[in-house]
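Structural description and commentary
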Amino acid sequence: MRLKPLLAARLTTGVLAGLLAITAAAQNTAPAPAAPEPGQVLASGTVPDEATKAAVLAKLRELYGADKVVDQIAVGPVAMPANWNDYVQKLITPDLRQISRGQLKIDGNTVSLRGEVANEAVRQKIAGTVAASLNPTYTVNNGLRVSAADQAVLDRTLANRTIEFESGQATLTPAGRAILDEMVAAMQKLKGRKIEIIGHTDSAGLRASNVNLSQARAATVKSYLAAHGIPEELLSASGQGPDRPIASNDTADGRARNRRIEFRLAQ
């Protein structure tokens, strides 16, 4: 008897923390996936052929960047439901970027979502979009939850303000340092919670240069926080470059909003 394919994707990039898994997991035919590093998406599971594996990885790399996707997908004797490849492709969408520390798991005809989202409207929208993209033979388990109160402490302190740097550099301005001093006080209230520092840029210039700049700025923020009393082992830094804008890059105001530092609680 051939087993069901299973795909599990752990969404850990940026706001996402993640795992994408396609595997016959009930039969333990695939090794347990390793924990992804901050900023990575771990893809694991078992699929029936190399073409299916290549299609899944291509979609993930398109969404998150080739350097962010860790391939642990195996090829083995599993049988796919009708049009399974097409449905998997429909499920790997930009909506996944709104999930923090999450998991998308596709086990035959069962789709499971876990992780944190910003609010109830986002939770319902993502689950509704997933259900609408599948046929009635599929079951969707919505395990998404609204971010915990500790995340709200960080969000309220940052208050949609931008951590400022010197133009084109990873050097903090006095205004940027002043906001970080407030973030230090907020983080000290979180009793040892691990925090991801995520750098973002606008889309002007080369993507590779923007990714490097966003990483450097996140590292600068990490160093500043560590120097002002936050244990370095509680902090991680990653750069998303221009890949997750929150405003249009067609205007100066939108570009300014996209050049930002994000703080997310890690699991």
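Criteria and thresholds
- Residues numbered from 1 in each chain as written.
- Predicted model: local features only at pLDDT ≥ 70, side-chain atom pairs only at ≥ 80, totals over all residues.
- Heavy atoms only, no water.
- pLDDT = per-residue confidence, 0-100.
- Helix = DSSP H or I, 4+ residues; strand = E, 2+ residues; numbered from the N terminus.
- Contact = heavy atoms within 4.5 Å.
- Buried < 20%, exposed > 50% of the residue type's maximum accessible area, 1.4 Å probe, protein only.
- Polar contact = N/O pair within 3.5 Å; in protein donor to acceptor, adjacent residues only side chain to side chain.
- Axes fitted to C-alpha atoms, helices over the stretch in contact; angles between N-to-C directions.
- Parallel < 35°, antiparallel > 145°, perpendicular 65-115°, else oblique.
- Left-handed = near helix turned anticlockwise from the far one by under 90°.

Now for the confidence of the model for the protein. Summarising the model, the protein shows a mean pLDDT of 84, and 83% of its residues fall at 70 or more. Averaged pLDDT values for the elements of the protein fall to 41 in strand S2 (residues 18-22) and rise to 97 in helix H6 (residues 207-227). Scored below 50 in pLDDT, residues 12-31 shows 118 contacts in the model against residues more than four places distant or in partner chains.

Take Ser 248: it is sitting in the loop between strand S9 (235-239) and helix H7 (252-258). Here Ser 248 falls in the partly exposed class, since its relative accessible area comes to 38%. Between the alpha carbons of Ser 248 and Asn 258 there is a distance of 8.2 Å; along the sequence they are 10 residues apart. The contacts of Ser 248, once residues within four sequence positions are left out, are Gly 254, Arg 255 and Asn 258. A polar side-chain atom of Ser 248 sits 3.0 Å from the main-chain amide nitrogen of Asp 250.

Moving on: the packing of helix H1 (residues 50-64) against helix H2 (residues 84-91). Between H1 and H2, the least distance of the axes is 10 Å, while the angle of their chain directions is 10°. Overall, the two elements H1 and H2 adopt an arrangement that is roughly parallel. Crossing of H1 over H2 shows right-handed handedness. Counting all contacts with H1, which are made through Thr 52, Ala 55, Val 56 and Lys 59, the residues of H2 involved are Trp 84, Asn 85, Val 88 and Gln 89.

We now examine the environment of Leu 154. Structurally, Leu 154 is set in helix H4 (residues 149-158). Accessibility expressed as a relative area gives 1% for Leu 154, which makes it buried. For the pair formed by Leu 154 and Met 187, sequence separation is 33 residues and the distance between their alpha carbons is 7.3 Å. Apart from the residues within four sequence positions on either side, Leu 154 is in contact with Met 183, Met 187, Leu 190, Ile 195, Phe 263 and Leu 265.

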